[in-house]
Amino acid sequence: MTAEEKRDSLKKEHEELSRLVEQEEQYPSPNQFYISELKKKKLQLKEQIEGIS
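Residues numbered from 1 in each chain as written. Predicted model: local features only at pLDDT ≥ 70, side-chain atom pairs only at ≥ 80, totals over all residues. Heavy atoms only, no water.

1. Describing the packing of helix α1 (residues 3-25) against helix α2 (residues 32-52)
Logical step 1: Relative to each other, α1 and α2 sit at 160°, their axes nearing to 9 Å. Regarding the angle of α1 to α2, the classification is roughly antiparallel. Two packed elements cross with a definite hand, and for α1 against α2 that hand is left-handed.
Logical step 2: A class-by-class count of the residues in the contact of α1 with α2 yields 11 nonpolar, three polar and 10 charged. (Axes fitted to C-alpha atoms, helices over the stretch in contact; angles between N-to-C directions. Helix = DSSP H or I, 4+ residues; strand = E, 2+ residues; numbered from the N terminus. Parallel < 35°, antiparallel > 145°, perpendicular 65-115°, else oblique. Left-handed = near helix turned anticlockwise from the far one by under 90°. Nonpolar A, V, L, I, M, F, W, Y, C, P; charged D, E, K, R; others polar.)

Right, dumping it as structure tokens:
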């Protein structure tokens, strides 16, 4: 897997996590712990993406 392919894969995963956060926030009583965990994973992915770029 090339660096570009890895970066694209990480970006897709980051977008999926964003979608999950948005989805969870739509619930009447969103699970804040779950949202926090998703956001931590998003941040880790963002750092990995920046490391590749």
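2. Brief notes about the side chain of E24
Logical step 1: Looking at the secondary structure, you find E24 in helix α1.
Logical step 2: Salt bridges are absent for the buried E24, whose nearest opposite-charge side chain, R19, sits at 10 Å.
Logical step 3: Looking at E24, its side chain comes within polar contact range of the main-chain nitrogen of N31, at 2.8 Å.
Logical step 4: Residues contacting E24, with those up to four places away along its chain left out, are P30, N31, Y34 and I35. (Buried < 20%, exposed > 50% of the residue type's maximum accessible area, 1.4 Å probe, protein only. Lys, Arg positive; Asp, Glu negative; His and termini not counted. Salt bridge = Lys/Arg side-chain N within 4 Å of Asp/Glu carboxyl O. Polar contact = N/O pair within 3.5 Å; in protein donor to acceptor, adjacent residues only side chain to side chain. Contact = heavy atoms within 4.5 Å.)

3. Brief notes about the pattern of salt bridges
Logical step 1: What the rule picks out here adds up to four salt bridges.
Logical step 2: Salt-bridge contacts for K39 lead to E25; the nearest nitrogen and oxygen are separated by 4.0 Å. Of this pair, K39 sits in helix α2 while E25 sits in helix α1, and the two are 14 residues apart along the sequence.
Logical step 3: Taking the shortest distance from any N to any O, the salt bridge between K40 and E37 comes out at 3.4 Å. One end of the pair, K40, and the other, E37, are both in helix α2, three residues apart, so they sit about a helical turn from each other.

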